[in-house]
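Remarks on the overall topology
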Number of protein chains: 2
Amino acid sequence: MGGAKGSYGQLLLLFSLFLSRRPQLTISWSESAAAEAEAIAAIPCSGHGRAYLDGILVDGVPTCECNTCYAGADCSQLLPDCPADADSGDPLFLEPYWQQHAASSAVVFSGWHRMSYRTTGDYFISVELEKHIRLLHEAVGNAVTDGRFIVFGSGSTQLLNALVYALSPENASTPASVVATAPYYALYKLQTDLFDRREYEWKGVTSKWVNASVASMGNFIEFVTSPNNPDGRLLQSVLGGSSVIYDHAYYWPHFTAIPAPADEDVMIFTASKVTGHASSRFGWAVIKDEKVYQKATEYMQLNTMGVSRDTQLRVLKLVKVMLAEMRGEGGIFEFGHKTTRERWSKLSKVISSSNRFSLQQLSPLYCTYFKKIIDPSPAYAWLKCEMEGDVDCSAVLREAGIISRAGAVFEASSRYARLSLIKTQDDVDLLLQRMEALVSKEDVASF
Amino acid sequence: MGGAKGSYGQLLLLFSLFLSRRPQLTISWSESAAAEAEAIAAIPCSGHGRAYLDGILVDGVPTCECNTCYAGADCSQLLPDCPADADSGDPLFLEPYWQQHAASSAVVFSGWHRMSYRTTGDYFISVELEKHIRLLHEAVGNAVTDGRFIVFGSGSTQLLNALVYALSPENASTPASVVATAPYYALYKLQTDLFDRREYEWKGVTSKWVNASVASMGNFIEFVTSPNNPDGRLLQSVLGGSSVIYDHAYYWPHFTAIPAPADEDVMIFTASKVTGHASSRFGWAVIKDEKVYQKATEYMQLNTMGVSRDTQLRVLKLVKVMLAEMRGEGGIFEFGHKTTRERWSKLSKVISSSNRFSLQQLSPLYCTYFKKIIDPSPAYAWLKCEMEGDVDCSAVLREAGIISRAGAVFEASSRYARLSLIKTQDDVDLLLQRMEALVSKEDVASF
Ligand SMILES: Cc1ncc(COP(=O)(O)O)c(C=O)c1O
Ligand SMILES: Cc1ncc(COP(=O)(O)O)c(C=O)c1O
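Definitions and cut-offs
- Residues numbered from 1 in each chain as written.
- Chains lettered and ligands numbered in written order.
- Predicted model: local features only at pLDDT ≥ 70, side-chain atom pairs only at ≥ 80, totals over all residues.
- Heavy atoms only, no water.
- Phe/Tyr/Trp six-rings, centres within 6.5 Å; stacked < 30°, edge-to-face > 60°.
- Helix = DSSP H or I, 4+ residues; strand = E, 2+ residues; numbered from the N terminus.
- Buried < 20%, exposed > 50% of the residue type's maximum accessible area, 1.4 Å probe, protein only.
- Core = buried A, V, L, I, M, F, W, Y, C linked by side-chain atoms within 4.5 Å.
- Contact = heavy atoms within 4.5 Å.
- Near = heavy atom within 4 Å.
- Polar contact = N/O pair within 3.5 Å; in protein donor to acceptor, adjacent residues only side chain to side chain.
- Areas by Shrake-Rupley, 256 points an atom, 1.4 Å probe, with all protein chains shown as cover.
- Disulfide = S-S within 2.5 Å.
- Expected span 1.5 Å × (residues − 1).
- 1 Å grid on protein atoms, 1.4 Å probe; cavity = no way out; pocket = protein on both sides within 12 Å on 5 of 7 lines; lining within 4 Å.
- Points joined across faces, edges and corners; volume = space filled by probe spheres on them.
- Nonpolar A, V, L, I, M, F, W, Y, C, P; charged D, E, K, R; others polar.
- Sits in = over half its atoms within 2 Å of the grid points.
- Domains from an automatic or database assignment.
- Pairing = 2+ DSSP bridges.
- Axes fitted to C-alpha atoms, helices over the stretch in contact; angles between N-to-C directions.
- Least-squares fit on C-alpha atoms with pLDDT ≥ 70 in both.

**Remarks on the packing of aromatic side chains**
All names here are of chain A.
- Counting across every chain of the model gives 48 aromatic pairs over all chains.
- Relative to Tyr299, the ring of Tyr165 lies with its centre 5.8 Å away and its plane at 45 degrees, an arrangement referred to as tilted. Residue Tyr165 is found in helix α6 (residues 155–167), and its partner Tyr299 is found in helix α9 (residues 290–304); the two are separated by 134 residues along the sequence.
- Taking relative accessible area as the criterion, Tyr299 reaches 1% and is therefore assigned buried.
- A network of ring pairs unites the aromatic residues Phe152, Trp252, Phe269, Phe282, Trp284, Phe333, Tyr369 and Phe370 as a single cluster.

**Focus: the environment of Val210 of chain B**
Residue and element names in this part refer to chain B.
- Of note, Val210 is situated in the loop between β11 (200–205) and β12 (220–225).
- Since its relative accessible area comes to 38%, Val210 is described here as partly exposed.
- For Val210 and Phe220, which are ten residues apart along the polypeptide, the C-alpha to C-alpha distance reads 11 Å.

**Let's talk about the nonpolar core**
- Core analysis: the largest hydrophobic core is formed by 200 residues, its most contacted members being Leu163 of chain A together with Leu163 of chain B.
- Those residues within four positions of Leu163 of chain A in sequence are excluded, and the remaining contacts are Ile245, Val266, Ile268, Ala285, Ile287, Val292 and Ala296 of chain A.

**Brief notes about unusual backbone geometry**
- Each neighbour pair has its own omega, and for Ala182 of chain A with Pro183 of chain A the value is -5 degrees, a cis peptide bond.
- Its identity is not glycine, yet Phe124 of chain B carries a phi of approximately 65 degrees, on the positive side.
- Here Phe124 of chain B lies in the loop between β8 (107–109) and α5 (127–140).

**A look at the site of ligand 1**
- Around ligand 1, the structure places 15 residues, and the nearest of them are Thr157, Asp247, Tyr250, Thr270 and Ser272 of chain A.
- Two or more chains meet at ligand 1, and those chains are chains A and B.
- Contact distances for ligand 1 include 2.5 Å between an oxygen atom and a side-chain N or O atom of Thr270 of chain A.
- Bound to the protein, ligand 1 loses 98% of the 400 Å² it would expose on its own.

**As for the state of the cysteines**
Residues and elements named next belong to chain A.
- Inspection of the entire model under this criterion finds eight disulfides over all chains.
- The side chain of Cys45 participates in a disulfide bridge whose partner is Cys64; the two sulfur atoms lie 2.1 Å from each other. What sets the handedness of the Cys45 and Cys64 disulfide is the S-S torsion sign, and at about -85 degrees it is left-handed. With Cys45 in the loop between α2 (31–41) and β1 (49–50) and Cys64 in the loop between β3 (61–62) and β4 (65–66), this pair connects stretches of sequence that are 19 residues apart. Across the pair, exposure class does not vary: Cys45 and Cys64 are buried alike.
- Each disulfide pairs two cysteine sulfurs, and for Cys69 the partner residue is Cys82, the sulfurs being separated by 2.0 Å.

**Some details on α6 of chain A**
- When the terminal C-alpha atoms of α6 of chain A are compared, their 19 Å separation across 13 residues agrees well with the 18 Å that a helix rising 1.5 Å per residue should span.
- With 13 of 13 residues buried, α6 of chain A is to be regarded as a mostly interior element.

**Notes on the layout of surface pockets**
- Looking at the largest pocket, its volume works out to about 1100 Å³.
- A class-by-class count of the residues in the lining of the largest pocket yields 18 nonpolar, 16 polar and 15 charged.
- Here the second largest pocket is characterised by a volume of approximately 820 Å³.
- Lining of the second largest pocket is provided by 40 residues; of these, Tyr185 and Arg405 of chain A together with Tyr117, Phe124 and Met305 of chain B occupy positions nearest its centre.
- Among the secondary structure elements, those contributing two or more residues to the lining of the second largest pocket are α6, α7 (187–194) and α8 (271–274) of chain A together with α9 (290–304) of chain B.
- The greatest single-element share of the lining of the second largest pocket, amounting to four residues, is contributed by α6 of chain A.
- Among the residues making up the lining of the second largest pocket, the classes are represented as 16 nonpolar, 13 polar and eleven charged.

**Details of the site of ligand 2**
- Taken together, 15 residues are adjacent to ligand 2, and Tyr117 of chain A together with Thr157, Asp247, Thr270 and Ser272 of chain B come closest.
- Near ligand 2, residues from chains A and B are present, making the site a shared one.
- Considered on its own, ligand 2 offers 400 Å² of accessible surface; in the complex 97% of this is hidden by protein.
- Counting atoms within 2 Å of the grid points, the majority share of ligand 2 lands in the largest pocket.

**Re the domain arrangement of chain A**
- You can read the domains of chain A as domain 1 (28–82), domain 2 (122–325) and domain 3 (332–445).
- A separation of 35 Å is found between the C-alpha centroids of domain 1 of chain A and domain 2 of chain A.

**Digging into the sheet that holds strand β13 (residues 244–247) of chain A**
All names here are of chain A.
- Taken together, the seven strands give an open sheet; going across it, the order is β9-β15-β14-β13-β12-β10-β11, and neighbouring strands pair in mixed fashion. The sheet is open, and its two borders are formed by β9 (149–153) and β11 (200–205), each paired with just one other strand. Mean inter-strand twist for the sheet, computed between neighbouring axes without regard to direction, equals 25 degrees.
- In terms of strand pairing, strand β12 (residues 220–225) meets β13 through four bridges, oriented parallel. Each residue of the ladder has a partner; that of Phe223, found in β13, is Ile245.

**Focus on the side chain of Ser126 of chain B**
- In this fold, Ser126 of chain B is placed in the loop between β8 and α5.
- Polar side-chain contacts of Ser126 of chain B include one of 3.1 Å to the backbone nitrogen of Leu129 of chain B.
- Ignoring sequence-local partners within four residues, the contact set of Ser126 of chain B consists of Asp54 of chain A together with Thr119, Thr120, Phe152 and Gln312 of chain B.

**Regarding the relation of the copies chain B and chain A**
- The operation relating chain B to chain A is a screw motion whose rotation component is 180 degrees, with 0.0 Å of axial translation and a residual RMSD of 0.0 Å. What the superposition gives is, in effect, a two-fold axis relating one chain to the other.
- A symmetric contact is evident, with 100% of the interface residues of chain B recurring at the interface of chain A.

Printed below as a string of structure tokens:
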């Protein structure tokens, strides 16, 4: 303030402006943490990356973590010949949403925040978070939770096996058969094989068992993914038995029209695909039967003693923001659906002029959340290579500088490949660019 | 500022004081989160409780969560006839430490902080956190980590089973036998039974197998807890086979002298017992063999896809504080050891005048961390009921208003009971009070 030459009045105005910007706010012990977080968030990464508090330090400062194909200290350098990476289901498409809601979505942890094993609810579950998850389903209209139990997991990944355990018969002579309809999410098989127990074992694709005798049905545990990963179809149980795990990871308006609230006995959801925080490892199961709930809870206790309470606090804050902004200008589903719909529509347009490739058929559907018919907005494109010689679609794409997930991973034909539409805009831009180039080569070739 | 009548100079002073308190700090989007956290931390709970950000709301405000036996809106009410609860291993004894280090240990999460499945390191592990954990072991001198692999888990709980899996033979005709020395931490059995697989099964106490044929030894997986829960003894492998899991949850100067850095092939540690953040669910394994490391990593990926990155950020901050304050006035081990040593010494004094009860024998030992001989400071008292009629020690204590953990839980005689010395000061005060009363009744009875 050395050079301050202003009048008393000016200074008074400045001071009261200063104070009025922070009504009733007193900040002491959290100040340096807040300043640190803001300083690091402000590190410039050219819009193609971001620095995080726990990033790798160079000269004591976290470095920019660049989007794929970008490099340099400030991520400003686009790497030539870098393949478009459309492999993973990393939900970065929602990152800009949270950047736009910075003030309402931040959380401050004190060093002594909730250190105990115990939390507010039973079985290591936050009462407030459980309540807000029920409110979220009600507000979105995508699942019935009244009179149901809720179990939290470290990602829905943990719950998938917890439910397989919970649905397994206790003293059966033969293990239960765990099945899913192809193309299916590969983790079901990998996880079931790893945890392969006396009580259950992986038995491949559901369709193989459709004509099995009715008597043996009780011993089947069927995974149903709806909307399906990879192809976005809304699926139902094929076997119609009593032990069905509905994986509703993508049953949110970001990715599909919501025809009606889901109402199955066992339903699994995940923060990864609704808030976009895959990093937090947070999922939940909505369960009708008390005994199944008890067994899933027991699994959670002995596997990890519940889910990180740090994560539960953070997810609570995120869900509160989603609820506060619901259906408004700043609504996350408005944002998410618009993003995925545009991405799908652009990719569809490119593929529509191709004879070599085709996409899964998805139709506009009435959505009870948006209260109108909406265009498709799937999380993934399920691309098929139509030409006789293109037996390995993923290899064809790789050749053209596109990393996809091969059909075989989903126990489907290798003529298929999955392209992720939920990663960063940079990833999708590069993907569209490469797909366009690939398709335009066709035109040339066919002349 | 309505009534401000001061001169320009006074105001200028005030303003610059105001600014100088916050040098270089700019706070914008994190301000309301910081103010919220501080407002809630400031809710008065009489020193017998605390309010948390995610506490249960009453009239929109989180309520005080009171220590056991305290009640009322501000926890000021001591409940009469409330039993002293010395059951769990809730590490609340470190809560005051973090309250004293409020400014350095707080962390601010932005809404968009690290949303991706990926982190800085492989297998969902933060490079900075791994580095700081190695630094912590080096600074404390309690474990060799050079050239070892590190795997993170959601609590050491998750790692216990991950390591049983990793150490199991792959295609053996008979499952590996999982054993531990009694008295042992009950979770080993409960968890192994729940995950009971074709590859391994629980086989009870180690001592039963000491004389088994050497040939069968390869198929044993032995848990060794050192210091042991419940009795605090430093233990070694009994079978001496190659598949030993050293659970070093309590191998920190809080709880034991550190004679030398632990150097076993498989060692497990947990934040729960070193920082005291049981809630965060964070543990780590230090592993020598690459193949065992790979299998444990595979387990972590398919079970939960790694540990919450939120928790990894928070634990990083806590470890940084521990390192910065190491061996100084504000050192966590100085604080922790002093607390547990005093608690043990007070309880020992009470029990020393009793004929009815005895405690485990623990001797002063040279500690390489403190560089001197230190008195015992165990996490738990392992109480024995000596009188012929007192067959069920836990019931005897219960009668006297003390909740303990029964010896049978540890596969030990019911003449034993475990008393926790790591909970809140309120819990320990009440425990000491009740034990004193119980012991003084002896004197009366013997007259
Ligand atoms: C169908 C499906 N279920 C479950 C998951 C696992 O998600 P998380 O463990 O992050 O909740 C995924 C992730 O891509 C998925 O696609
Ligand atoms: C010996 C021992 N190992 C492991 C654990 C589990 O701790 P956590 O899962 O919180 O890391 C405990 C908890 O009390 C314990 O006493």
